[in-house]
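Now for the letters of each chain:
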Amino acid sequence: MSALAFNYKRKNLSFAKGKGSFLVTAQGKKYLDFVQGIAVNSLGHANQKLIKAINRQSKKLWHVSNAFIIPEGEKLAKRLAKRTFADSIIFQNSGAEATEAAIKVARRYFYSKGKEYKNRIICIKNSFHGRTIAAIHASGSKKMTQGFGPKVPGFDHFEFGDHVKLKKMINKNTAAIMIETVMGEGGIKVIPTWCIKAIREICDKKGILLILDEVQCGIGRSGKFFAFEYANVKPDIVPIAKGIGGGFPIGAVLMTNKVAKAMVPGTHGSTFGGNPLAMAVGNAVLDQINKKLLDNVKKMSKYFISNLKILKKNYPNVIKEVRGLGLLIGLQLYKDQTNFIKKLMDNKLLTIRAAENVVRILPPLNVKKSEIDMALKILNKVCKEYN
Ligand SMILES: *Cc1c(COP(=O)(O)O)cnc(C)c1O
């Protein structure tokens with residue numbers, strides 16, 4: 001009997017160590033890990049440079065309060081600002097904290113302009129922004145909010161793609177539109193670039209803010225540093241987490257100067273967020289998100305997705321759709337995917353579910369072609385069994 005609560009239906013499988021794209025059990029059984037802690041280990045397991053960075057920092061200084069200057073955090077913030085649209089950054093520890101901070105920033109911006117009434121956030125129905133009380137109500141998902149009432153006010157929802165409803169929904173109380181650039185948990189739904197562009201235009205026209213949640217699709221996973229770069233837009237606020245820590249819990253909210261100015265002393269804080277240990281790892285991750293790695297993501301994505309499309313052609317009764325951007329890939333099945341994922345696991349390939357019967361595939365960003373071939377072989381075998 002586990003002393004852990006039952007809030008997860010865990011597979012009867014655990015691991016002793018990992019290296020790159022692979023996980024190994026205590027008995028020495030090797031699995032191809034195309035989950036990577038759900039898009040967290042962007043550089044795979046046991047990345048040498050990350051090991052070095054955490055070892056070095058752990059001997060110097062782990063934690064000090066944000067009441068003091070933290071040079072490692074100053075450095076990471078400056079580097080993120082230099083590479084992105086952002087002027088200013090607040091560090092957190094997780095994705096949910098980052099999305100909640102994004103909501104706070106949007107509201108505080110209008111408050112600072114004397115427009116406290118502008119506080120409502122519009123989100124896509126059945127999206128995902130984390131598991132905290134406000135974030136679950138931002139998702140507009142019945143499943144996630146059930147039993148966790150009362151409903152947190154301040155969120156409005158439209159269906160994916162329904163811009164007519166979206167435009168109608170905006171009123172004088174609207175502060176921002178918050179969407180995931182690629183919906184991860186929601187079933188790897190890539191929001192088309194024309195749609196992101198249109199939403200940016202709507203925000204400009206109505207004088208409201210655009211929050212793009214890049215917690216899952218950001219930090220290189222899409223093949224660009226941020227997925228919204230494909231649409232060539234500039235958001236106002238972007239929460240990040242997962243990939244930036246490479247396995248160490250780091251979250252952050254990236255902002256333009258315009259909105260960041262509202263976050264004066266006392267408006268937000270975090271005990272752990274941005275501590276020296278986390279920041280040393282974050283800097284070592286960022287060192288490796290370079291052009292070569294992003295080129296690998298694009299190349300491997302093209303190869304993987306084109307072969308998955310062939311697989312779909314060969315098994316048209318099993319696979320309904322291949323979705324994805326970069327190395328955030330979804331295989332939508334006609335039937336519930338639980339057993340399919342179990343069969344992949346039995347064949348030593350780890351994947352994870354997403355909504356709409358999707359098998360979510362998340363290799364590390366430095367995945368090799370030979371590893372993708374290995375996955376394709378297993379996928380082919382399981383499709384054959386399913387046919
Ligand atoms: C995972 C995720 C979150 C929540 O991150 P946690 O670290 O689990 O709190 C928020 N938004 C998106 C898009 C995510 O994929």
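Here, every reference points to the structure presented above.
Scoring rules and cut-offs
Residues numbered from 1 in each chain as written. Predicted model: local features only at pLDDT ≥ 70, side-chain atom pairs only at ≥ 80, totals over all residues. Heavy atoms only, no water. 1 Å grid on protein atoms, 1.4 Å probe; cavity = no way out; pocket = protein on both sides within 12 Å on 5 of 7 lines; lining within 4 Å. Points joined across faces, edges and corners; volume = space filled by probe spheres on them. Helix = DSSP H or I, 4+ residues; strand = E, 2+ residues; numbered from the N terminus. Nonpolar A, V, L, I, M, F, W, Y, C, P; charged D, E, K, R; others polar. Buried < 20%, exposed > 50% of the residue type's maximum accessible area, 1.4 Å probe, protein only. Polar contact = N/O pair within 3.5 Å; in protein donor to acceptor, adjacent residues only side chain to side chain. Contact = heavy atoms within 4.5 Å. Pairing = 2+ DSSP bridges. Phe/Tyr/Trp six-rings, centres within 6.5 Å; stacked < 30°, edge-to-face > 60°. Lys NZ or Arg CZ within 6 Å of the ring centre and 35° of its normal. Core = buried A, V, L, I, M, F, W, Y, C linked by side-chain atoms within 4.5 Å. Domains from an automatic or database assignment.

A. Summary view of the layout of surface pockets. In this model, the second largest pocket occupies a volume close to 620 Å³. Residue lining of the second largest pocket: 24 residues in total, with Asn-66, Glu-74, Ile-89, Ile-90 and Phe-91 positioned closest to the centre. For the lining of the second largest pocket, the secondary structure elements donating two or more residues are helix 3 (71-83) and strand 4 (88-92). Along the lines of polarity and charge, the residues of the lining of the second largest pocket split into 12 nonpolar, 10 polar and 2 charged.

B. Examining the side chain of Gln-332 more closely. Tracing the chain through its elements places Gln-332 in strand 14 (residues 328-333). A relative accessible area of 7% means that Gln-332 is categorised as buried. A polar contact is formed between the side chain of Gln-332 and the side chain of Arg-323, at a distance of 3.5 Å. At a separation of 3.3 Å, a polar atom in the side chain of Gln-332 contacts the main-chain carbonyl oxygen of Glu-356. Those residues in contact with Gln-332 that sit more than four places away from it in its chain are Val-318, Ile-319, Lys-320, Glu-321, Arg-323, Glu-356, Asn-357 and Val-358.

C. View of the pairing of strand 7 (residues 174-180). With 7 of 7 residues buried, strand 7 lies mostly within the body of the structure. Here 4 bridges tie strand 5 (residues 120-124) to strand 7, and the two strands are oriented parallel to one another. Bridge pairing in strand 7 places Ile-121 opposite Ala-176. As paired strands, strand 7 and strand 10 (residues 209-213) are joined by 5 bridges and run parallel to one another.

D. Spatial organisation of empty space enclosed by the protein. The full count for this structure, using the stated rule, is 1 cavity of 30 Å³ or more. The computed volume of the largest cavity comes to approximately 30 Å³. As for the largest cavity, its lining consists of Ile-124, Phe-158, Phe-160, Gly-161, His-163, Ile-191, Cys-195 and Ile-199. Partitioned by chemical class, the residues of the lining of the largest cavity number 6 nonpolar, 2 polar and no charged.

E. Geometry of the packing of aromatic side chains. According to the stated counting rule, one finds 7 aromatic pairs in the structure shown. Measuring from ring centre to ring centre gives 5.7 Å for Phe-15 and Tyr-31, while their planes differ by 80°; the resulting arrangement is edge-to-face. A residue pair is termed long-range when its members are at least 10 positions apart, and Phe-15 in the segment before strand 1 (17-19) and Tyr-31 in strand 3 (residues 30-33) qualify at 16 residues. Here the aromatic cluster, defined as three or more aromatic residues joined through ring pairs, consists of Phe-85, Phe-225, Phe-226 and Phe-228. Here Lys-118 stacks its cationic end above the ring of Phe-110, 5.5 Å away from the centre of that ring. Directly above the ring of Tyr-230 sits Lys-224, whose terminal nitrogen or CZ lies 5.1 Å from the centroid.

F. Fine view of the nonpolar core. Counting 82 residues, the largest nonpolar core has Phe-304, Leu-308 and Leu-379 as the members making the most contacts within it. A total of 8 residues in this core trace back to one element, the largest contributor, which is helix 11 (residues 291-314). A domain split of this core shows at least three residues from each of domain 1 (17-47 + 291-386) and domain 2 (49-288). Filtering out sequence-adjacent residues up to four positions away, Phe-304 remains in contact with Phe-34, Ile-329, Ile-361, Pro-363, Ile-372, Ala-375, Leu-376 and Leu-379.

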